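Below are the chains, spelled out letter by letter.
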Amino acid sequence: MNAGDSGLPRWVLLPAGLGVSLIVLPLAAMATRLEWPRFVELVTSESSLAALRLSLLTSLLATLACLALGVPLALVLARGRFRGQRLLRALVLLPLVLPPVVGGVALLYTFGRRGLLGPVLEAAGWQVAFSTGAVVIAQTFVALPFLVVSLEGTLRTVGQRYEVVAATLGARPTVVLGRVTLPLVAPGLASAAILSFARALGEFGATLTFAGSLQGVTRTLPLEIYLQRVDDPQAAIALSLVLVAVAVAVIVATAGISERSAWG
Amino acid sequence: MSVPARTLAAATAAFTLLLAGCAQPAAPAGSASAEPAAATLTVFAAASLKGSFGELGELFEAAHPGTAVSFNFAGSQTLVEQLGQGAAADVLATADEKSMATAVADGLVEGDPTLFVSNRLTIVVPPGNPASVAGFADLATPGLRLVVCAPVVPCGAAAGKVATAAGTTLTPVSEEQAVTDVLAKVQAGEADAGLVYATDALAAGDTVTAIAFPEAAAATNRYPIALLAAAPQPTLAAAFLELVTGDEGRAVFDRAGFGRP
């Protein structure tokens, strides 16, 4: 594609190019600072591996929690018709626009020892703060809107034609949901899940505020990067590049899924 | 634009949002001065000096009409990093001798650094002391939720030194990046006890209760201050250094809980 046959004025290319470099240049600059021969050694150190393992585990659990809570929520928002629906959607979107640290403070006042649910949880024998569970809660809090928004959009695009046909043929709502709706939105659901996984992987502010930072328990990759930045900048850069690589893989994967569903 | 290209663009846009959510703001350069002045003295100082240096900055501005003092408060290593990257400043005061040694080794400093205050750790507990902590040995009580700084952060290194000297093994539930994070967890009542510097505990007022302990002497932290080689205002910088190391400075630091160097 060139600017000529897209009907765009040529000058548009200049700010567009600057926009691309604003994103790509810092990442490239970071990559040039790394002593590449040390890369493997840096990302396989004990603390790096512990952070990597913890990040993968918690992000997976958070994605599962997002699916369990987010799919029904997206269905209600896309198919339901009730008073307060727009307000509900706005509320669900809040973590997208809130600074994560605000989310962390709010979670602390909910699940913390002196929080709203603290005494109940403590009585049940679960001290949430400083536990791996706290990390998963923080990640689910920030990642849930990604899944809901993305899936609701897919549900609306797909429409209700097939669902209506299935219902007139005598299929019950649960059968329609399982046999018609969910298979139809499967590609969208997959990319929504990948997006929320990526968001969970990058979670920093809420985790730091709410869960604390202890190797193997609550210190995820972003927290490890933040800590290493002080002591061993090379390790911080190496781990940052691992996260960049994951982000790129996620973009490619979600784009691939949308492309296939667009043609299929 | 074809459909796949558009979805790719949408995915990219979603990611930009996502990355924005993860971005951490860089340490902002704080400024104590409001009006433009004839000369501006720029001081890079450790975050724990914020209160005392703020006061001394006002004294300095009053004594030198037409001069404004601009502060950049951040972690000592961050300050040295920023100076190494070419940030322009006149004076550097760090919370540990190691960071200053780095600055000296990098040729950023003019002359020898002067030690001007010291700081030591204290135990902080939530008001009412729910876990009944009386001394350092109590921090090893099973089930007690202790929060400290991470070993790579100066306050964490000090905590490790004190524990080794006292022969106590600490099993914290969290190793935080900064003293403020430790304080926040104790203030919220999530932690039963924390280890922070005496000055931090004093600055936190009655939101926490400080418990001094003799073992803290094993890790006394000394703060060095130095003129910078590339100082745009060397004369003002020397005058500020005199104020900090003089009697007026001493009085301000005493009130903030700092010890003698």
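For clarity, every value in this text was computed on a predicted model and none was experimentally measured. Position numbers for residues start from 1 in each chain and track the written sequence from start to end. As they are written, the chains are lettered A onward and the ligands numbered 1 onward, keeping that order. Totals for whole chains, interfaces and linings use every residue, but because this is a predicted model, local features are given only for residues with pLDDT of at least 70 and side-chain atom pairs only at 80 or more, for both listing and counting. Hydrogens and water molecules were not included; the side-chain quantities draw on all heavy atoms of the structure.

1. Let's talk about the overall build of chain A
Then, number 1: Helix and strand assignments come from DSSP, with helices taken as H or I runs of at least 4 residues and strands as E runs of at least 2, each series counted from the N terminus. Scanning chain A for helices and strands turns up 13 helices and 0 strands.
Then, number 2: Reading the helices (α) and strands (β) of chain A from amino to carboxyl end gives α-α-α-α-α-α-α-α-α-α-α-α-α.
Then, number 3: When the backbone C-alpha atoms are referred to their principal axes, chain A occupies close to 70 × 65 × 30 Å.
Then, number 4: Three exposure classes are used, based on accessible area relative to the maximum for each residue type with a 1.4 Å probe and protein chains only: buried under 20%, partly exposed in between, and exposed over 50%. Looking at chain A as a whole, 43% of its 264 residues are labelled buried.
Then, number 5: Contact criterion: two residues are considered in contact whenever any of their non-hydrogen atoms come within 4.5 Å of each other. Sequence separation of at least 24 residues holds for 75% of the intrachain contacts in chain A that already meet a minimum separation of 6.
Then, number 6: Charge centroids of chain A, computed over 19 positive and 12 negative side chains, lie 15 Å from each other. Positive residues here are Lys and Arg, negative ones are Asp and Glu, while His and the chain termini are left out of the count. Lys charges are placed at NZ, Arg charges at CZ, Asp charges at CG and Glu charges at CD.

2. Points about the side chain of Glu175(B)
Then, number 1: Tracing the backbone shows Glu175(B) in strand S7 (residues 174–176).
Then, number 2: Polar contact is the term for a pair of N or O atoms within 3.5 Å; when the atoms are in protein, one must be able to donate a hydrogen and the other to accept it, and sequence-neighboring residues count only if both atoms are side-chain atoms. Polar side-chain contacts of Glu175(B) include one of 3.3 Å to the side chain of Arg219(A).
Then, number 3: In this view, Glu175(B) contacts Ser213(A), Leu214(A), Arg219(A), Val148(B), Cys149(B), Ala150(B) and Pro151(B); residues no more than four positions away in its chain are not counted.

3. Quick notes on the interface of chain A and chain B
Where the parts come together, the accessible area they lose is often given as the size of the interface.
Then, number 1: Every contact between the two is made by 37 residues of chain A and, on the other side, 35 residues of chain B.
Then, number 2: Buried surface area refers to the total accessible area, computed with a probe of radius 1.4 Å, that the two partners give up upon joining, counted for both partners together. With both chains or domains summed, chain A and chain B bury close to 3200 Å², and 61% of this area falls on carbon and sulfur atoms.
Then, number 3: Counting the surface chain A buries against chain B, the share from its top three residues, Arg113(A), Arg114(A) and Phe130(A), is 21%.
Then, number 4: We define a salt bridge as a side-chain nitrogen of Lys or Arg found within 4 Å of a carboxyl oxygen belonging to Asp or Glu. One can count 2 salt bridges joining chain A with chain B.
Then, number 5: Across the pair Arg219(A) and Glu175(B) runs a salt bridge whose closest N-O atoms are separated by 3.3 Å.
Then, number 6: Here chain A is connected to chain B by 10 residue pairs in polar contact (both at pLDDT 80 or more).
Then, number 7: Contributing elements (two or more residues each) for the side of chain A that touches chain B: helix H6 (100–111), helix H10 (173–202), helix H11 (205–210), helix H12 (221–231) and helix H13 (233–263) of chain A.
Then, number 8: The biggest single contributor to the side of chain A that touches chain B is H13(A), with 9 residues.

4. So, helix H2 (residues 50–63) of chain B
Residue and element names in this part refer to chain B.
Then, number 1: In a regular helix each residue adds 1.5 Å, so 14 residues correspond to 20 Å; H2 covers 20 Å between its end C-alpha atoms and thus fits that length.
Then, number 2: Taken together, the buried positions of H2 are Ser-52, Phe-53, Leu-56, Gly-57 and Phe-60. The buried side chains of H2 occupy one side of the element, clustering within an arc of 135 degrees when seen end-on. Relative to its buried face, H2 has exposed residues pointing more than 90 degrees away, namely Lys-50, Gly-51, Glu-58 and Ala-62. A helix is expected to reach a length of 1.5 Å times the quantity of its residues less one. This arc is built from the directions going out from the helix axis to the C-beta atoms.

5. A word on the packing of helix H4 (residues 46–79) of chain A against H12(A)
Residue and element names in this part refer to chain A.
Then, number 1: Note on geometry: axes are lines fitted to C-alpha atoms, helical ones only across the stretch in contact, with angles between N-to-C directions running from 0 to 180 degrees. One can describe the packing of H4 onto H12 by two numbers: an axis separation of 8 Å at closest approach and a directional angle of 150 degrees. As summarised for this structure, H4 and H12 are arranged roughly antiparallel, according to the angle between their axes. Along the contact surface, H4 presents Ser-47, Ser-48, Ala-51, Leu-52 and Ser-55, while H12 presents Leu-221, Pro-222, Glu-224 and Gln-228.
Then, number 2: The residue classification treats Ala, Val, Leu, Ile, Met, Phe, Trp, Tyr, Cys and Pro as nonpolar and Asp, Glu, Lys and Arg as charged. All others, Gly included, are polar. Of the residues that constitute the contact of H4 with H12, the class distribution is 4 nonpolar, 4 polar and 1 charged. Oblique is the label for any angle not covered by the other classes, which are roughly parallel (under 35 degrees), roughly antiparallel (over 145) and roughly perpendicular (65 to 115).

6. Considering the domain arrangement of chain B
All names here are of chain B.
Then, number 1: With domains assigned, chain B is organised as domain 1 (39–118 + 222–256) and domain 2 (121–219).
Then, number 2: Taken over C-alpha atoms, the centre of domain 1 sits 28 Å from the centre of domain 2.
Then, number 3: On the domain 2 side, the residues contacting the 5 residues of domain 1 number 5 residues.
Then, number 4: Of the roughly 380 Å² buried where domain 1 meets domain 2, counting both sides, 50% is carbon and sulfur surface.
Then, number 5: Considering only the side of domain 1, the residues that lose the most area to domain 2 are Ser-48, Gln-77 and Ala-256, jointly responsible for 62% of the buried surface there.
Then, number 6: At the boundary of domain 1 and domain 2, one finds 0 salt bridges.
Then, number 7: The tally of links from domain 1 across to domain 2 stands at 0 residue pairs in polar contact (both at pLDDT 80 or more). For each domain, the first and last residues come from an automatic or database assignment.

7. Some words on the state of the cysteines
All names here are of chain B.
Then, number 1: A pair of cysteine sulfur atoms is labelled a disulfide when the two atoms are within 2.5 Å. Summed over the entire model, instances satisfying the criterion amount to 1 disulfide over all chains.
Then, number 2: Between Cys-149 and Cys-155 runs a disulfide, and the two sulfur atoms are separated by 1.8 Å. Negative torsions about the S-S bond denote left-handed disulfides, and the value of about -95 degrees found for Cys-149 with Cys-155 makes this one left-handed.
Then, number 3: A relative accessible area of 3% places Cys-155 in the buried class.

8. A short note on the packing of helix H5 (residues 85–97) of chain A against helix H8 (residues 132–158) of chain A
Residue and element names in this part refer to chain A.
Then, number 1: Here H5 crosses H8 at 135 degrees, and the two axes come no closer than 6 Å. It follows from the interaxial angle that H5 and H8 lie oblique. Crossing geometry of H5 relative to H8 is assigned as left-handed. Of H8, the residues touching H5 (which contributes Gln-85, Arg-89, Val-92, Leu-93, Pro-95 and Leu-96) are Phe-141, Val-142, Pro-145, Phe-146, Val-148, Val-149, Glu-152 and Arg-156. With the far helix as reference, a near helix turned anticlockwise by less than a right angle produces a left-handed crossing, and one turned clockwise produces a right-handed crossing.

9. A word on the sheet that holds S7(B)
Residue and element names in this part refer to chain B.
Then, number 1: Taking strand neighbours across the sheet as the criterion, the 5 strands line up as S7-S6-S8-S5-S9 in an open arrangement whose pairing is mixed. Of all the strands in the sheet, just S7 and strand S9 (209–211) have a single pairing partner and so form its edges. In this sheet, neighbouring strand axes are inclined to one another by 35 degrees on average, regardless of whether the strands run parallel or antiparallel.
Then, number 2: Where helix H6 (residues 179–187) meets the sheet, its contacts fall on strand S5 (121–125), strand S6 (146–149), S7 and strand S8 (193–197), and the angle it forms with S8 comes to roughly 145 degrees. For two strands to be treated as a pair, DSSP must find at least two bridges joining them.

10. Looking at the pattern of salt bridges
Residue and element names in this part refer to chain A.
Then, number 1: Going through the model one piece at a time under the given rule, you end up with 13 salt bridges over all chains.
Then, number 2: For Glu-152, the salt bridge identified is with Arg-89, shortest N-O distance 2.8 Å. Of this pair, Glu-152 sits in helix H8 while Arg-89 sits in helix H5, and the two are 63 residues apart along the sequence.
Then, number 3: Judged by relative accessible area, which is 25%, Arg-89 ranks as partly exposed.
Then, number 4: Via salt bridges that share partners, Glu-35, Arg-38 and Glu-41 belong to a single interconnected network.

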